[in-house]
Amino acid sequence: MQPNDPASSALAWPGLATLLLVAVTGLTSPAILADKPDQDDQQASPSVNTDWIEDLRAGKITLAGDDAAVDMLILERHIPIPYDYIATLMRTPNAFGQGVACIICHSSNNPAKSYRGLDLSTCEGIRAGATEPPARRLFEPGQPAIKGVLGRRMRNNRMPLGVHFSTHPKAESVMAVLNWINAGAKNDDSFKDQVLPLFRTDNAFAPGSPACTHCHMSNQEPPSFHELDMTSYEGIMLGADSVAKGVDKATKIVIPGQPLDSGLYQHLVEDRMPPGIPPTDDRDHPNTLILLRWIEQGANCQ
Ligand code: HEC
Ligand code: HEC
């Protein structure tokens, strides 16, 4: 074939598609356990146990993946994401990490047939969001997607980390946090007596779970995940990543008066999707980044 043959430019596309396929199939395998590179699906169980918490802390589990193809060829170059690809992700098992396909549980806007009356099987359904009260959209097309309902469900593990989706959060503890934020998140006696101790107590939010302060004990990472200090009022109000981003830009986890918008409350009640995905699966899976980019590009149905 001549180099200036018009057909040769079309050849670049199969090349890109192959790269993407390699990236996707490579990452759906349980690659997070660095010392187990084989393709075996016998993955460590996602249950809370001291071993893996210690492994995580000791840095034996790495969350990095080989997502160079997606980063370099798609995201950095602002390639428009076609809806076709999003449709494929929604109907493909293991598309964002280990787990069944989204449309198994979210395939109709009828809440009797589909969780939250959420239809992820069509573009209109994805854009419409949940139809069961509280009915709400999952994102604003064209806006940053990471903090929206969908972005959170793709990336945030419910806390305490490792708690299984089938374990109900302890209602009275969650309500204590919600009421405190709702009442203005003050450093008053009721906070000191009834709320702060919850963060320091094992099993306070779910049976068989470690205290929040087991993993969020100072502004220093390691050992404290996301530089979040849950041992004191000041630490909680300062928020996450205050060293990495600077005190002014730290991620606030409490917005006084607005519990539903507060990361602290959201992290106590929202399970990552699909249910049962191991919490160690990459939160920035290449397909998650592509989904969020599609939203930020306007969530076009073409
Ligand atoms: C095995 C069933 C199941 C699968 C598979 C599943 N979900 Fe869910 N999803 C649920 C259930 C149950 C809820 C409601 C309970 C809750 O809020 O966690 C839910 C809630 C949600 C919500 C919250 C909607 C709202 O308004 O609060 C979003 C968003 C969501 N799922 C997205 C997804 C995506 C994206 C996938 C695929 C990656 C997926 N789900 C896979 C069962 C599932
Ligand atoms: C076993 C360790 C562990 C425990 C216990 C734990 N966390 Fe986390 N937490 C993490 C990790 C790791 C992250 C990083 C994000 C993720 O995995 O979703 C995180 C992230 C968070 C964030 C988001 C911070 C940000 O950057 O916005 C909040 C809020 C949070 N945790 C609250 C809690 C609360 C409240 C508890 C107790 C109910 C708790 N955590 C218990 C490990 C833990």
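The structure displayed is predicted, hence computed values, not measured ones. (Residues numbered from 1 in each chain as written. Chains lettered and ligands numbered in written order. Predicted model: local features only at pLDDT ≥ 70, side-chain atom pairs only at ≥ 80, totals over all residues.)

(A) Quick look at the overall build of the protein chain. Counting its secondary structure elements, the protein chain contains 12 helices and 0 strands. Along the protein chain, from the amino end to the carboxyl end, the secondary structure elements read α-α-α-α-α-α-α-α-α-α-α-α. Considering the protein chain as a whole, with its 302 residues, one finds that 32% of them fall into the buried category. Taking the contacts inside the protein chain whose residues are at least 6 apart along the sequence as the reference set, 56% of them involve residues at least 24 apart. (Helix = DSSP H or I, 4+ residues; strand = E, 2+ residues; numbered from the N terminus. Buried ≥ 20, exposed ≤ 12 C-beta atoms within 10 Å, placed from the backbone. Contact = placed C-beta atoms within 7 Å.)

(B) Here's a closer look at the site of ligand 1. By nearness alone, 20 residues border ligand 1, and C102, C105, Y115, A130 and M273 come closest of all. For the shell around ligand 1, the secondary structure elements donating two or more residues are α5 (102-105) and α7 (149-155). A class-by-class count of the residues in the shell around ligand 1 yields 15 nonpolar, 1 polar and 4 charged. (Near = placed C-beta within 6 Å. Nonpolar A, V, L, I, M, F, W, Y, C, P; charged D, E, K, R; others polar.)

(C) Examining the nonpolar core more closely. Ranked by size, the top nonpolar core spans 27 residues in total, and within it I86, M90, I290, L291, W294 and I295 carry the most contacts. When residues of this core are traced back to their parent elements, those giving at least two are α3 (68-75), α4 (83-90), α7 and α12 (286-296). It is α12 that contributes the most residues to this core, 6 residues altogether. Those residues within four positions of I295 in sequence are excluded, and the remaining contacts are F139, P141 and A145. (Core = buried A, V, L, I, M, F, W, Y, C linked by C-beta atoms within 7 Å.)

(D) Spatial organisation of the packing of α4 against α12. The contact between α4 and α12 brings their axes to 11 Å, and the two run at 135°. Here α4 lies oblique to α12, going by the angle between them. As α4 packs across α12, the resulting crossing turns out to be left-handed. Counting all contacts with α4, which are made through Y85, I86 and L89, the residues of α12 involved are N287, I290, L291 and W294. Here the residues of the contact of α4 with α12 are counted per class, giving 6 nonpolar, 1 polar and no charged. (Axes fitted to C-alpha atoms, helices over the stretch in contact; angles between N-to-C directions. Parallel < 35°, antiparallel > 145°, perpendicular 65-115°, else oblique. Left-handed = near helix turned anticlockwise from the far one by under 90°.)

(E) Looking closely at the site of ligand 2. Close contacts around ligand 2 come from 25 residues, with M159, L161, C212, C215 and A240 the closest. Sort the elements by how many residues they give to the shell around ligand 2 and helix α11 (residues 263-269) lands first, with 4 residues. Partitioning the shell around ligand 2 into residue classes produces 15 nonpolar, 9 polar and 1 charged.

(F) Layout of the confidence of the model for the protein chain. Overall, the prediction assigns the protein chain a mean pLDDT of 86, with 81% of residues at 70 or greater. Long-range and interchain partners of residues 1-42, a stretch whose pLDDT sits below 50, account for 36 contacts in this model, where long-range means more than four residues apart. (pLDDT = per-residue confidence, 0-100.)

(G) Here's a closer look at the packing of α3 against α12. Following both chains from N to C, one finds α3 and α12 inclined at 25°, their axes separated by 9 Å at the closest point. Relative to α12, the element α3 is oriented roughly parallel. Here the hand of the crossing between α3 and α12 comes out right-handed. Side by side, α3 and α12 meet where V70, I74 and L75 of the first sit next to P286, L289, I290 and R293 of the second. Its residues assigned to classes, the contact of α3 with α12 shows 6 nonpolar, no polar and 1 charged.

(H) Summary view of α4. Inspection of α4 places I86, L89 and M90 among the buried residues, and these make up the whole buried set. Across the axial projection of α4, the buried residues extend over an arc of 95°, all falling on one side. Along its buried surface, α4 packs onto α5 and α12. (Arc of directions from axis to C-beta.)

(I) Broad picture of the environment of P160. On the secondary structure map, P160 appears in the loop between α7 and α8 (171-182). In the structure, P160 is positioned 107 residues away from H267 in sequence and 8.4 Å away in space, judged by C-alpha atoms. When near neighbours in sequence (up to four residues on either side) are disregarded, P160 contacts F205, A206, S209, P210 and C212.

(J) Quick look at the environment of T280. Along the polypeptide, T280 turns up in the loop between α11 and α12. Sequence-wise, T280 and N157 are 123 residues apart; in three dimensions their C-alpha atoms are separated by 9.2 Å.

(K) Inspection of unusual backbone geometry at higher detail. Cis geometry is found at the peptide bond from M159 to P160, where omega equals -5°. Cis geometry is adopted by the peptide bond preceding P274, which originates at M273 and carries an omega value of -10°. Looking at the secondary structure, you find P274 in the loop between α11 and α12. A positive phi is found at A185, a non-glycine position, where the angle reads about 50°. Tracing the sequence through the fold places A185 in the loop between α8 and α9 (189-199). The phi angle at H226 is positive, at roughly 55°, despite the residue not being glycine. Of note, H226 is situated in the loop between α9 and α10 (233-238).

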